[in-house]
Amino acid sequence: MIDVNNLSKRYGRHTAVSDISFKVGKGKIIGFLGPNGAGKTTTMRAISGTIPRSGSVMYDGHDIVSQSAESIVRSGIAHVPQGRGTFSELTVEENLRIGAYVRKDSIESDIERWYKTFPRLEERKNQRAGSLSGGEQQMLAIARALMSRPRLLLCDEPSLGLAPLITQELFAVLKSLNQQDGLSVLLVEQNANLALKVASKVYLLETGQVVASGTAEAIAGDERIRKAYLGG
Amino acid sequence: MERLLQYVFDGLSFGAIYALLALGLVVVFRGTGHLNFAQGEMAMFCTFIIWQINEWGVPLVFAVLIGMLFGFLLGAGTEATVIRSVAKKSPGGVFVVSIALFLGLNSLASMIWDRSEGYTMKSLFPNKPEDFVRILGAEWRYKYIGVLIVALILMGLLFLLFSKTKFGLAMRSVASNPESARLVGVPSGLVLAASWGIAASMGALSGALVGGINGQITPSLMFSVFIYASAAATLGGLDSPGGAVIAGLLIGVGEQLAAGFAPGWIGQDLKLSVALISIFVVLLVKPSGLFGSLKVERV
């Protein structure tokens, strides 16, 4: 589905991401693990086109590495940024509507669908997004991204700052979207146990490079990797 | 009572013009976080274009429409070229650029239309001495009523654009969070250029209305109007279109009352300071303006 080769991003003399290569297969959940500053978020932003980058990102047979963020979301990649990035001044429903900006067809059934998935959003549909709790905002951010009907979802630290119960709820939704709709997901997580549970393959990043990769089982079972990178 | 009503009528019409120009300031501020100091001069320049087209024999109504279109292109073009390239490098630079535009447009207009006594501008509305209705003893001139109606209609259209259309939603999303707007595929460059275009085109209309009321246009046509409009935008809260309209009307009425009821010691000369002092007081008490939003966000 997406085949990334030698993706790099430099800020002046500092290299945030250095020649990263990885694949996300169709209908797979891929996890990115690693400490702060490992280049996980930068990689996400490089794929969604919000920052200039070099290398190649093959998506459906085209290289999208030089495309703009607008045309990338149009081609079916949606990005839920770290810190959620909801439009605080717009209502919940307006947030969902703007999420479908690139679509020309009717979006009412999609709004209904995400209200059903996240009933709390429907209860608050006329409230400003800025007044929602952190968990509700994360739900809104994910629902808004899904409004564009993506085939690949980039999800940056969805569990950040959320209560464990809400996090579980969100991950259950992601899992079911993956299984029932065939949505591919690239998931950045600091919470390794959570990521290892849902992802089929995991890449371990450190200082802008992939230091290990493998199936979730293999990584979870590797005593040495667990000790060195995942906090036991 | 008659006099009070008279000042209120006149004040509402002037206020509506301030509100139009103030709305332009708010539209730009919401989109880019900058005050466009050239807003008034852009309006003045468009007014001269309207006068010129009218002078060439095109009926005034169409001349105004063409002038508004010209304003849209002027505003959008300015954003897409000078403003955008400067804003990327230094936000403070936008301030300098808009001051430069202010001076540049003013000199350019003085160069092209150089008659020092100015030019006679027709009004869009009947403007003979007998063209007024009498309400409770006060005269309400048709040209003032016309200005008020046109301004209110345009504001209504703008509110519909903001709240009911996909483009309006896109504009508000860029104002709220530019980075996320890009992530959902909103072409933010296009949206910002359009905001500047809309602002300048409202300026063109307000210029034509001022010119029509004064009957005379010179390159300094919009100086005091711009000051009142920026006062209205500040007073209403820079990010609130509704606030700009209400504050614009308030300032218009307040100006007429101050000048009319205390002619001896305020009069025409000091009314500008009265407006500014009252705004100063409001902002001391409520820094975000009457209707401006304090950013509230839960994390």
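Residues numbered from 1 in each chain as written. Chains lettered and ligands numbered in written order. Predicted model: local features only at pLDDT ≥ 70, side-chain atom pairs only at ≥ 80, totals over all residues.

Engineer: Tell me about the overall build of chain B, and name the residues and values.
Structural biologist: Each helix and strand in chain B was counted, giving eleven helices and four strands. For 299 residues, the compact-globule estimate of 2.2 N^0.38 gives 19 Å, and the C-alpha radius of gyration of chain B, at 19 Å, lies within 12% of that figure. Principal-axis analysis of the C-alpha atoms places the extent of chain B at approximately 60 × 50 × 35 Å. Expressed as a percentage of its 299 residues, the buried residues of chain B come to 50%. Considering only contacts in chain B between residues 6 or more positions apart, those separated by 24 or more positions represent 74%. (Helix = DSSP H or I, 4+ residues; strand = E, 2+ residues; numbered from the N terminus. Rg over C-alpha atoms; globule rule 2.2 N^0.38 Å. Buried ≥ 20, exposed ≤ 12 C-beta atoms within 10 Å, placed from the backbone. Contact = placed C-beta atoms within 7 Å.)

Engineer: Break down the overall build of chain A for me, with residues and values.
Structural biologist: Along the backbone of chain A there are ten helices and ten strands. For 232 residues, the compact-globule estimate of 2.2 N^0.38 gives 17 Å, and chain A sits close to it at 17 Å. Judged by the C-alpha coordinates and their principal axes, chain A covers about 50 × 40 × 35 Å. By residue count, 45% of the 232 residues in chain A fall in the buried class.

Engineer: Got a sec to walk through the confidence of the model for chain B? Specific residues and values, please.
Structural biologist: Per-residue pLDDT for chain B averages 88, and the proportion of residues at 70 or more is 95%. Per-element averaging of pLDDT across chain B places helix α11 (residues 267-285) of chain B at the bottom with 76 and helix α2 (residues 39-55) of chain B at the top with 96. (pLDDT = per-residue confidence, 0-100.)

Engineer: With reference to specific residues and values, describe the interface of chain B and chain A.
Structural biologist: Contacts between the two partners involve 18 residues from chain B, matched on the other side by 26 residues from chain A. Counting only elements with at least two residues in the side of chain B that touches chain A, the list comes to α6 (166-176) and α7 (178-183) of chain B. The leading source of residues in the side of chain B that touches chain A is α6 of chain B, at five residues. Residue classes in the side of chain B that touches chain A are distributed as eight nonpolar, five polar and five charged. (Nonpolar A, V, L, I, M, F, W, Y, C, P; charged D, E, K, R; others polar.)

Engineer: Pulling in residues and values, what's your account of the nonpolar core?
Structural biologist: All names here are of chain B. By size, the foremost hydrophobic cluster in this structure holds 157 residues, and its most contacted members are I17, Y18, A19, A22 and A232. Per-element tally for this core: the top contributor is helix α1 (residues 2-32), with 15 residues. In this view, Y18 contacts V225, Y228, A229, A232, G248, I251 and G252; residues no more than four positions away in its chain are not counted. (Core = buried A, V, L, I, M, F, W, Y, C linked by C-beta atoms within 7 Å.)

Engineer: Before we move on, can you summarise helix α5 (residues 142-164) of chain B with the specific residues and values?
Structural biologist: Because an α-helix packs 3.6 residues into every turn, residues spaced three or four apart end up facing the same way. Residue and element names in this part refer to chain B. A rise of 1.5 Å per residue sets the reference length of α5, with its 23 residues, at 33 Å; its end C-alpha atoms lie 32 Å apart and thus fit the reference within 8%. Every buried residue belonging to α5 is among K143, Y144, G146, V147, L148, V150, A151 and M155, and all of these are buried. Contact partners of the buried residues in α5: α1, β3 (138-141), α8 (188-214) and α10 (241-261). (Expected span 1.5 Å × (residues − 1).)

Engineer: I'd love a proper account of the packing of α1 of chain B against α10 of chain B, names of residues and values included.
Structural biologist: Residue and element names in this part refer to chain B. Two elements in contact, α1 and α10, have axes whose closest approach is 6 Å; the angle formed by their N-to-C orientations is 140°. Considering how the two elements wind past one another, α1 and α10 form a crossing that is right-handed. The residue makeup of the contact of α1 with α10, split by class, is 18 nonpolar, six polar and three charged. (Axes fitted to C-alpha atoms, helices over the stretch in contact; angles between N-to-C directions. Left-handed = near helix turned anticlockwise from the far one by under 90°.)

Engineer: Give me the lowdown on the pairing of strand β7 (residues 152-156) of chain A, citing residues and values where you can.
Structural biologist: All names here are of chain A. Burial analysis of β7 places five of its five residues in the buried class, which makes it a mostly covered element. Because side chains alternate across β7, one face comprises the buried residues L152, L154 and D156, and the other comprises L153 and C155, equally buried. Here four bridges tie strand β6 (residues 77-80) to β7, and the two strands are oriented parallel to one another. Opposite H79, over in β7, you have L154 as the bridge partner. (Pairing = 2+ DSSP bridges.)

Engineer: Please set out the environment of G76 of chain A residue by residue, giving values where relevant.
Structural biologist: Residues and elements named next belong to chain A. Tracing the backbone shows G76 in the loop between α2 (69-74) and β6. Exposure remark for G76: the 17 C-beta atoms within 10 Å place this residue in the partly exposed category. Here the alpha-carbon distance between G76 and D3, two residues 73 residues apart in the chain, equals 15 Å. In this view, G76 contacts P150, R151 and L152; residues no more than four positions away in its chain are not counted.

Engineer: Requested: an account of the sheet that holds strand β2 (residues 14-24) of chain A, with residues and values cited.
Structural biologist: All names here are of chain A. Across the sheet, four strands lie side by side as β2-β1-β4-β5; this open sheet has antiparallel pairing. Two strands bound the open sheet, and with one partner strand each, they are β2 and β5 (62-63). Of the strand pairs in this sheet, strand β1 (residues 2-11) and β2 are connected by seven bridges, and their pairing is antiparallel. Within β2, the residue paired with L7 across the bridge is I20. Strands β1, β2 and β4 (54-59) of the sheet are contacted by helix α1 (residues 40-48), whose axis makes an angle of about 70° with β2.

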